[in-house]
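# Coordinate inspection notes
Below, each chain spelled out in residue letters.
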Amino acid sequence: MTDEARTGTRIQSVSRAAHLLMLIASLPEHERSVARLATELGTSVPTVYHLLNTLVDAKLLTRDERKQFRFGFAMEVLSHAYAQQTVPPPELLAPLRWITEVTGESAYLSAWRGGNPVVLTHLAGTHAVQVTNLRPGYRGAANARASGKVLLAFAEAADRDRYLAMHPLESVTEKTITDPAVFARELALVARNGYATDVEEFSPGVACIAAPIWSNGILLGCYTISAPVERYRREKARYLGCLREAVGMPAAPVQEGPAGPA
């Protein structure tokens, strides 16, 4: 099998268009000048205009009356489709495996799906304790889970308020936070600290710690480690360090193939 057959041909113009969309998503609206975009992409202003006009024709971008480029309605279709899929992105699985290898504990990947904080997948460690009812697809009791707290704390305010209005704070154990004022303070603490914990709030004898995964200012999800309470208390600092290293890991690079037509 040839190298090209294994890796596939890459089309430079498609790659540039994809990078352009990511760049637009990462920049504040007032910084999206064509000159800035060209500089960031390392290409010419005319090339950027060609890409922008093509993306406008595809409804991925739109141009307003001030000739500013914004995302078009086709992006809503893509965004909705992404938010509905329950198969985790492959680039988020390698750090999850690393967490279990380093800590020996069960680790979980969770994210917003369909307006709910959902467990996407979990991996068991070598001396893991598993929360028996916390399986992929689980979406209940976000207030009792470290992952739920992280996803709520760092969500857009409208999304968080909508979720909490539709899901009263659920009592799972005697330690679950069910008072709205206390839970609001808990989320503020999570946002300030950059991580969340639950100690026997979801499962007796089990504690969890979770940290958010960011990409270009967008919340992709969170990683969670679960452990028996006593081991968690001894190892909390190490677990948190592992989570912070994992969320900072770069995505696995895509193997480059031969350049195709521009």
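To keep things clear, this report deals only with the structure shown in the data block. Nothing here was measured: the structure is a model prediction, and the numbers come from that model. (Residues numbered from 1 in each chain as written. Predicted model: local features only at pLDDT ≥ 70, side-chain atom pairs only at ≥ 80, totals over all residues. Heavy atoms only, no water.)

## So, the side chain of Glu105
Locating Glu105 in the fold gives a position in the loop between helix H6 (93-103) and strand E3 (106-113). Side-chain polar atoms of Glu105 contact the side chain of Arg231, separated by 2.6 Å. (Helix = DSSP H or I, 4+ residues; strand = E, 2+ residues; numbered from the N terminus. Polar contact = N/O pair within 3.5 Å; in protein donor to acceptor, adjacent residues only side chain to side chain.)

## Section: the packing of aromatic side chains
In the structure shown here, the tally under the stated rule is 3 aromatic pairs. On the basis of an interplanar angle of 85° and a centroid distance of 5.9 Å, the ring pair of Trp112 and Tyr163 is categorised as edge-to-face. Separated by 51 residues along the polypeptide, Trp112 in strand E3 and Tyr163 in helix H8 (residues 157-166) bring together distant segments of the chain. Tyr163 matches Trp112 in its accessibility class, with the two residues each being buried. A ring pair is formed by Tyr138 and Phe202, whose centres lie 5.7 Å apart and whose planes are at 75°; its orientation type is edge-to-face. Remark: Phe202 occurs in the loop between strand E5 (196-199) and strand E6 (206-215) and Tyr138 occurs in the loop between strand E4 (116-123) and helix H7 (146-153); sequence separation between them is 64 residues. Phe202 gets classed as buried once you look at its relative accessible area, which sits at 7%. (Phe/Tyr/Trp six-rings, centres within 6.5 Å; stacked < 30°, edge-to-face > 60°. Buried < 20%, exposed > 50% of the residue type's maximum accessible area, 1.4 Å probe, protein only.)

## Re the side chain of Thr176
Within the element layout of this structure, Thr176 appears in the loop between H8 and helix H9 (180-193). You can call Thr176 buried: its relative accessible area is 9%. Not counting residues up to four positions away in its chain, the partners in contact with Thr176 are Asn143, Ala144, Glu170, Ser171 and Glu201. (Contact = heavy atoms within 4.5 Å.)

## What to know about unusual backbone geometry
A positive phi angle is found at Lys59, which is not glycine, with a value near 65°. Relative to the helices and strands, Lys59 resides in the loop between helix H4 (45-57) and strand E1 (61-63). Classification of Lys59 as partly exposed rests on a relative accessible area of 43%.

## What to know about the packing of H7 against H9
Axis separation between H7 and H9 bottoms out at 9 Å; the angle between their running directions is 80°. What the angle tells us is that H7 and H9 run roughly perpendicular. Every residue of H9 that contacts H7 at Lys149, Val150, Leu152 and Ala153 is listed here: Phe183, Glu186, Leu187, Val190 and Ala191. (Axes fitted to C-alpha atoms, helices over the stretch in contact; angles between N-to-C directions. Parallel < 35°, antiparallel > 145°, perpendicular 65-115°, else oblique.)

## Focus: the packing of H6 against helix H10 (residues 229-247)
Put simply, H6 and H10 touch, their axes get as near as 10 Å, and they point 155° apart. Comparing the axis directions of H6 and H10 gives the class roughly antiparallel. Judged by the sense of rotation from one axis to the other, the crossing of H6 with H10 is right-handed. Here Pro95, Trp98, Ile99, Val102 and Thr103 of H6 come into contact with H10, specifically with Arg238, Tyr239, Cys242, Leu243, Glu245 and Ala246. (Left-handed = near helix turned anticlockwise from the far one by under 90°.)

From the geometry alone we can't say anything about function, so treat these as descriptive.
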